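Next come the chains, spelled out residue by residue.
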Amino acid sequence: MSKWIKGAVVALMIAGLAGCGVSTKDIEVETVKSAKANLKGYKTYEIIKESGVDDTLKKDKTLKNANVDADIKALINTELQKKGKIEVKKNPDFFVAYVAGADMNAMQIKLDKKGRSMIENVPAAAMVLMLVDADTGSIIWLSTAEGEFKGLPLDQQKKRLEYAVKKMFSGL
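Source: prediction; values computed, not measured.

(A) Inspection of helix α3 (residues 68-82) at higher detail. Over its 15 residues, α3 extends 21 Å from the first C-alpha to the last, a length consistent with the 21 Å expected when each residue adds 1.5 Å. Buried within α3 we find Val 68, Asp 69, Ile 72, Leu 75, Ile 76, Asn 77, Glu 79 and Leu 80.

(B) Highlighting the pattern of salt bridges. What the rule picks out here adds up to six salt bridges. A salt bridge links Lys 158 to Asp 71; its shortest N-O distance comes to 3.8 Å. Of this pair, Lys 158 sits in helix α4 (residues 154-169) while Asp 71 sits in helix α3, placing them 87 residues apart in sequence. For Asp 71, a relative accessible area of 23% puts it in the partly exposed group. Put simply, Lys 166 and Glu 162 hold a salt bridge, and the shortest N to O gap is 3.4 Å. Of this pair, Lys 166 and Glu 162 both sit in helix α4, four residues apart, which is roughly one turn of that helix. With a relative accessible area of 38%, Lys 166 lands in the partly exposed category.

(C) Region of interest: the packing of aromatic side chains. One pass over the full model with this rule turns up three aromatic pairs. Here Tyr 45 and Phe 94 contribute two aromatic rings whose centre-to-centre distance is 5.8 Å and whose plane-to-plane angle is 25°, an arrangement assigned as stacked. Here Phe 94 lies in strand β5 (residues 94-103) and Tyr 45 lies in strand β2 (residues 44-47), a separation of 49 residues in the sequence. Both residues of the pair, Tyr 45 and Phe 94, belong to the buried class. Ring geometry for Trp 141 and Phe 169: centres 5.1 Å apart, planes at 5°, overall stacked. Of this pair, Trp 141 sits in strand β9 (residues 139-148) while Phe 169 sits in helix α4; the two residues are 28 residues apart in sequence, bridging distant segments of the chain. Each member of the pair, Trp 141 as well as Phe 169, is classed as buried. Following the ring pairs from residue to residue traces out a cluster consisting of Tyr 42, Tyr 45 and Phe 94.

Calculation notes
Residues numbered from 1 in each chain as written. Predicted model: local features only at pLDDT ≥ 70, side-chain atom pairs only at ≥ 80, totals over all residues. Heavy atoms only, no water. Helix = DSSP H or I, 4+ residues; strand = E, 2+ residues; numbered from the N terminus. Expected span 1.5 Å × (residues − 1). Buried < 20%, exposed > 50% of the residue type's maximum accessible area, 1.4 Å probe, protein only. Salt bridge = Lys/Arg side-chain N within 4 Å of Asp/Glu carboxyl O. Phe/Tyr/Trp six-rings, centres within 6.5 Å; stacked < 30°, edge-to-face > 60°.

Spelled out as structure tokens, the structure:
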């Protein structure tokens, strides 16, 4: 099942990551919940081991001294604990799956000063978070975040990531 979940996450993801004090206006977050699932009834979780950051981010020079996977897991744990959820190693109520990556070759159509269309390289990043019922394997909650990959200093990138994860979990 974990290969299926990772495949589904990758299929949903095309690009980008995400941040306070730092501009976050380009970060777009969308979240959907299962109408059938009572999310308050889920108390324990486990982060799926296959979750993680795509190689595109691991190779980025601006992130060379960062452990983005550890940062994301810590942010996920913090937000879920705020919601009263407890991380366990066995028999969770739900699984957490995530994937993040960047598309450094993303293109976008922009207008120049004369109003003419031009294509411009705008590196983008994205993250997908899924909560999956441990008994049924059904997705009970899904959130995506997309934004420009600005190549900012590491501390600003971490703030953008923190902003995105908080916003993703805000409706849980």
